[in-house]
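A structural walkthrough
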Amino acid sequence: MRIKRAEFLTSLTGGQKLPEVPQIAVVGKSNVGKSSLINCLCGQNKLARVSAEPGKTRLINLYRINDSFLLVDLPGYGYARVSRGMQEDWGRMMDSYFEGATRLAHVLHLVDMRHEPGENDVQMQAFLQHNRIPCTVVATKCDKLSRAQRQKAVLLLCRTLGVQPWEVQPVSSVTREGREELIDRIGVILGEEDEA
Ligand SMILES: Nc1nc2c(ncn2[C@@H]2O[C@H](COP(=O)(O)OP(=O)(O)OP(=O)(O)O)[C@@H](O)[C@H]2O)c(=O)[nH]1
Ligand SMILES: [Mg+2]
């Protein structure tokens with residue numbers, strides 16, 4: 001697959017009806033690189049807003065790709081400095097997204113490759129597995145690790161999150177490593193969705 005067209009569609013706070021088109025959702029801890037990955041996949045650097053400050057994306061942002069599917073940038077979890085009220089808002093937004101997303105084809109679960117997954121990463125992966133939501137673990141910021149460190153990190157991700165090595169895709173939004181592989185994977189997923 002090639003990403004030929006990408007445009008911002010709208011922001012939601014949860015509860016609104018979602019467009020009836022296939023969706024690929026991006027989840028992960030705050031600051032893991034979700035918005036950067038969307039920009040990298042789309043080959044644009046200002047489509048999604050990136051910030052060195054965690055907690056930048058606080059809404060559900062929808063991007064329309066090739067007029068055929070949506071990339072969904074979900075707000076990050078685990079940002080310690082938000083109030084309890086905001087954490088509850090986050091939970092409600094996520095619940096309402098997953099309940100309403102009848103055309104959810106796949107989730108990209110982003111985890112920073114440099115660190116051991118945290119409790120909330122484990123919980124997110126368990127939620128996806130429990131709800132049988134097909135998922136790829138995207139190991140971000142791979143540019144920061146050597147080849148040997150990456151191998152170790154992938155094994156650690158598999159062990160702590162309970163996934164298989166082929167379900168993990170290392171990427172870097174800086175060097176664009178792993179980008180083609182991820183786009184091909186999305187192409188296959190959407191192709192299967194078309195046939196279903
Ligand atoms: N070295 C490196 N830095 C990255 C990469 N991806 C993102 N970053 C940096 O990580 C920081 C956070 O990136 P964002 O894309 O805003 O992260 P996010 O997950 O969307 O964050 P929230 O919206 O706050 O949840 C920024 O400073 C990015 O420049 C990567 O692949 N490699
Ligand atoms: Mg973001």
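Refer to the structure presented above.
So, a few notes on the structure that sits alongside this text. Everything numeric here is computed off the predicted structure, so don't read it as measured data. (Residues numbered from 1 in each chain as written. Chains lettered and ligands numbered in written order. Predicted model: local features only at pLDDT ≥ 70, side-chain atom pairs only at ≥ 80, totals over all residues. Heavy atoms only, no water.)

A closer look at the sheet that holds strand E7 (residues 168-170)
- Reading across from one edge, E1-E3-E4-E2-E5-E6-E7 is the order of the seven strands in this open sheet, with mixed pairing throughout. Looking at strand neighbours, the two that pair on one side only are strand E1 (6-12) and E7, the edges of this open sheet. Pairwise comparison of adjacent strand axes, ignoring direction, gives a mean angle of 25° for this sheet.
- Across four bridges, the pairing between strand E2 (residues 23-28) and strand E4 (residues 69-73) is parallel. Across the sheet, residue Ile 24 finds its bridge partner in E4, namely Leu 71. (Pairing = 2+ DSSP bridges. Helix = DSSP H or I, 4+ residues; strand = E, 2+ residues; numbered from the N terminus. Axes fitted to C-alpha atoms, helices over the stretch in contact; angles between N-to-C directions.)

A word on the nonpolar core
- Grouped together as the largest cluster of nonpolar side chains are 25 residues, with contacts concentrated most on Ile 24, Leu 37, Ile 38, Leu 41, Ile 65, Leu 71 and Leu 108.
- Sorting the residues of this core by element identifies E2, helix H1 (34-42), strand E3 (60-65), E4, strand E5 (104-112) and helix H5 (179-195) as the ones contributing at least two each.
- By residue number, the principal contributor to this core is H5, which donates five residues.
- With sequence-adjacent residues up to four places away left out, Ile 24 is seen in contact with Phe 69, Leu 70, Leu 71, Val 72, Ala 105, His 106, Leu 108, Ile 186, Ile 189 and Leu 190.
- Listed in part, the 21 residues of the second largest apolar core include Val 27, Leu 62, Tyr 97 and Cys 135. (Core = buried A, V, L, I, M, F, W, Y, C linked by side-chain atoms within 4.5 Å. Buried < 20%, exposed > 50% of the residue type's maximum accessible area, 1.4 Å probe, protein only. Contact = heavy atoms within 4.5 Å.)

Focus: the side chain of Thr 136
- Relative to the assigned elements, Thr 136 resides in strand E6 (residues 135-140).
- Ignoring anything within four residues of it in the chain, the contact list for Thr 136 reads His 106, Val 107, Leu 108, His 109, Glu 167, Gln 169, Leu 182 and Arg 185.

Some details on the packing of aromatic side chains
- Enumeration according to the criterion identifies four aromatic pairs in this entry.
- Note on Tyr 77 and Trp 90: the rings are 6.0 Å apart at their centroids and 75° apart in plane angle, and the pair reads as edge-to-face. Of this pair, Tyr 77 sits in the loop between E4 and helix H2 (84-100) while Trp 90 sits in helix H2, and the two are 13 residues apart along the sequence.
- Arranged with centres 5.4 Å apart and planes meeting at 75°, the rings of Tyr 97 and Phe 98 form a pair that is edge-to-face. (Phe/Tyr/Trp six-rings, centres within 6.5 Å; stacked < 30°, edge-to-face > 60°.)

Examining the environment of Leu 110
- Secondary-structure assignment places Leu 110 in strand E5.
- With a relative accessible area of 0%, Leu 110 lands in the buried category.
- For the pair formed by Leu 110 and Val 27, sequence separation is 83 residues and the distance between their alpha carbons is 6.1 Å.
- The residues touching Leu 110, leaving out its near neighbours within four places in the chain, are Val 26, Val 27, Gly 28, Lys 29, Val 32, Gly 33, Lys 34, Leu 37, Tyr 77, Val 138 and Thr 140.

Quick notes on unusual backbone geometry
- Positive phi outside glycine occurs at Arg 132, with the angle close to 50°.
- Relative to the elements of secondary structure, Arg 132 occurs in the loop between helix H3 (119-130) and E6.
- Phi angles above zero are rare outside glycine, and Arg 176 is one such case at about 70°.
- As for its placement among the helices and strands, Arg 176 is situated in the loop between E7 and H5.
- Overall, the relative accessible area of 43% leaves Arg 176 in the partly exposed class.

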